[in-house]
Amino acid sequence: MKRIVFKSVVLIITFIFSIGYLFKRIFKRNRKVKIGLLDIEFFHKEAGGFGGYGKTAKNITDYFSSNGKLINIEILLTRNSKKPTIKTIHNTNVIVAPDAESSNLINIFKYAYLLNNRRFDFLMTVEYCTDYQYTCFLQPKVPLIIWIHDPRPKECLEKIATVSWEVLAEGKKSPEELKIHEQNVRRSINKVISLSKLFNRKIIFATTAYFLIERAKKLYNLSDISPIVLPIPVDIPKLDGLSYSPKPSVCFLARLDPPKRPWIFFELARRFKDVDFLVAGKTHFPKIMEPILKEYNSLPNLRFLGFLDDEQKDKMLREVWALINTSIHEGLPVSFLECFAYGKPIISCQNPDNLVEKFGIYTGEILGDGNDIHAIDIFANALERFLSNDKERIEKGIAAREFVTENYSFRKFEEVIKKLIFGK
C-alpha cells in the first residue's frame, strides 16, 4: 500500500512539473543548450568511483566547459544519497538525486523542484540503469537521449558468473535472479518510454558501438530501435611519431576486480621475463584481490602503479608497446580507445566491433577464471606473435590512431551530438 501511494505521489509531481516545463519553454531566452547527463559515477571518490562511465562523463564535461561551446552539461548522479544536493566536482555542477525507493516524498519533491530550476533542454543517460527512472519521470517532457554503453542481457551475466572470484565478490546469482535483473531493467525502461508517449516526449537512442545494438534490443525488449553511433570521445595526444620503451613493455589498464581477471596478465609476466608488465588500476574488492596480488609481488618485471592521473597515464601510454585486456566481459572500454589514440595495439579476448582484430590480436573468447594452462597459453601465443613482428605491430598502431582520430575524437562527438540536438 505504501509503495502504491509513493508511486501515485511521484506521478502527481510529474504532472505538476511538466506544466512548469511548458512555461519554461515559452519564456526561455536565448542561451546555451543545457544537458542533464544521468550517470552512476563521476570519476571521483565522492561521486561513485573511477569507472569508465565516470571517466567518459568527466571527459565530456571538461571539454564543453573549457571551450566556450553552445552546449552546457551538468551531471545527474543517481546513486547512494538520501537527500537531493547540488555540488561542484571537476568544475561541473553535480545534482545528486535521492534514492527513490528509500527517500521520503519531501526529498523527492525537493529533487523535482531542483531539476525544474536547472532548466534542462535534454536529458541523456550513460547506459540505462533503473536508478535513472524517477529522474526521467520527474522531467517527463524533456527530450531524452538513451546512450547505450554496456547493456547486459542474461547471457552476458551468465558469462560473467563463470569467474569464481566474481561469484565470491558479488554472491552467486541463481538463473532466476539473473532473469529478474533483466526483467527489472526492461520493465523500467519501458515505463519511461510509455510515460514519454503520454507526454509526447522525444526519445533518441544512441550507442557507443554497433555490436551493442543487438544486446540492447534483447535486454530492453525493443526490437525496433535504430540507434545512431555517438562515440565515446577521447583526447588525441600530439605525438612526434610513435614512441616505445627500449625494453618491450605492455600494460594492464583497468580495475583490479574479478571480471577483469588481472591474474592472467600476472601469469604472462611470470612467463615473459624480458618484458615489463605495468599494472595501472586499483581494486574495489581488497579482501578478495589483495591475497592474489601478493602472490605476484616478487616478480621483478611486474610493476603495480596504482591509480594513475591523466599526466601519469599519458607518460605510460607514450612508451608501452601494447595494452593487454583479459576481461570476461566488456562493452567498448575507454581504455581501448585511449590506447588506440596513442597508436598502441591491443591483445584481448574481447573484440568490440572487431576493433581488436583490426588493430591488435584477438585471442577468441575465454570463459571461466582463465588461470588454467590452456587460457594462459592462448594469451602467451598472442603476445609472442605480437613481439615477433615489428612491422605488423607498428602498422596496426598507426591504423588504430587514424581510426580513433576520425571516429572517436571530441570533434566527432560534438558533431554527432549537435545533429541529435539540433537535427542538422
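This structure is a prediction, so every number in the text was calculated from the model and none was measured.

### Structural notes on the overall build of the protein chain
Right, so step 1: The helix and strand inventory of the protein chain stands at 16 helices and 14 strands.
Right, so step 2: For a compact globule of 424 residues, the expected C-alpha radius of gyration is about 22 Å, and the protein chain comes in at 22 Å, within 12% of that figure.
Right, so step 3: Counting only C-alpha atoms and orienting by the principal axes, one finds that the protein chain spans roughly 65 × 50 × 40 Å.
Right, so step 4: Taking all 424 residues of the protein chain together, 56% fall into the buried category.
Right, so step 5: For the protein chain, long-range pairs separated by at least 24 residues make up 72% of all intrachain contacts whose partners lie at least 6 apart in sequence.
Right, so step 6: Of the roughly 19500 Å² of accessible surface on the protein chain, 53% is carried by carbon and sulfur atoms.
Right, so step 7: When the 64 basic and 49 acidic side-chain charges of the protein chain are each reduced to a single mean position, those positions are 9 Å apart.

### Description of the sheet that holds strand S3 (residues 85–89)
Right, so step 1: Taken in spatial order, the eight strands make up an open sheet running S3-S4-S2-S1-S5-S6-S7-S8, and their pairing is mixed. Edge positions in the sheet fall to S3 and strand S8 (228–229), since each of these pairs with one other strand and no more.
Right, so step 2: Across seven bridges, strand S1 (residues 33–39) lies against strand S2 (residues 71–77) in parallel orientation. Residue pairing in the sheet places Gly 36 in a bridge with Glu 74 of S2.

### Examining the pairing of strand S7 (residues 203–207)
Right, so step 1: Judged by how many residues are buried, S7 sits mostly within the fold: four of five residues are covered.
Right, so step 2: As paired elements, strand S6 (residues 144–148) and S7 share five bridges and run parallel to each other. Bridging across to S7, Ile 146 finds its partner in Phe 205.
Right, so step 3: After leaving S7, the chain enters helix H8 (residues 212–220) and then returns to the sheet as S8, a path that is right-handed.

### Remarks on the environment of Lys 179
Right, so step 1: Within the secondary structure, Lys 179 sits in helix H7 (residues 175–198).
Right, so step 2: Spatially, the C-alpha atoms of Lys 179 and Gly 281 are 31 Å apart, while their sequence positions differ by 102 residues.

### What about the side chain of Asp 39?
Right, so step 1: Mapped onto the elements of the fold, Asp 39 is located in strand S1.
Right, so step 2: Sequence-distant contacts of Asp 39, that is, excluding residues within four places in its chain, are made with Tyr 53, Gly 54, Ala 57, Leu 76, Leu 77, Thr 78, Val 126 and Tyr 132.

### A few points about the pairing of S6
Regular strands place their side chains on alternate faces of the sheet.
Right, so step 1: Counted residue by residue, S6 has five buried out of five residues, so it is predominantly covered.
Right, so step 2: Pairing geometry for strand S5 (residues 122–126) and S6, over four bridges, is parallel. Bridging across to S6, Met 124 finds its partner in Ile 145.
Right, so step 3: Running through helix H4 (residues 133–138), the crossover from S5 to the neighbouring parallel element S6 is right-handed.

### Concerning the nonpolar core
Right, so step 1: Met 124, Trp 147, Phe 205, Tyr 220, Leu 230, Met 316 and Ile 417 are the most contacted members of the largest nonpolar core, which has 95 residues in total.
Right, so step 2: Counting residues in hydrophobic clusters, the runner-up holds 41 residues, among them Ala 269, Ile 292, Tyr 296 and Ala 380.

Procedures and definitions
- Residues numbered from 1 in each chain as written.
- Predicted model: local features only at pLDDT ≥ 70, side-chain atom pairs only at ≥ 80, totals over all residues.
- Heavy atoms only, no water.
- Helix = DSSP H or I, 4+ residues; strand = E, 2+ residues; numbered from the N terminus.
- Rg over C-alpha atoms; globule rule 2.2 N^0.38 Å.
- Buried < 20%, exposed > 50% of the residue type's maximum accessible area, 1.4 Å probe, protein only.
- Contact = heavy atoms within 4.5 Å.
- Areas by Shrake-Rupley, 256 points an atom, 1.4 Å probe, with all protein chains shown as cover.
- Lys, Arg positive; Asp, Glu negative; His and termini not counted.
- Charge placed at Lys NZ, Arg CZ, Asp CG, Glu CD.
- Pairing = 2+ DSSP bridges.
- Right-handed = clockwise from strand over helix to strand, strands pointing away.
- Core = buried A, V, L, I, M, F, W, Y, C linked by side-chain atoms within 4.5 Å.

Just geometry here; none of it tells us what the structure is for.
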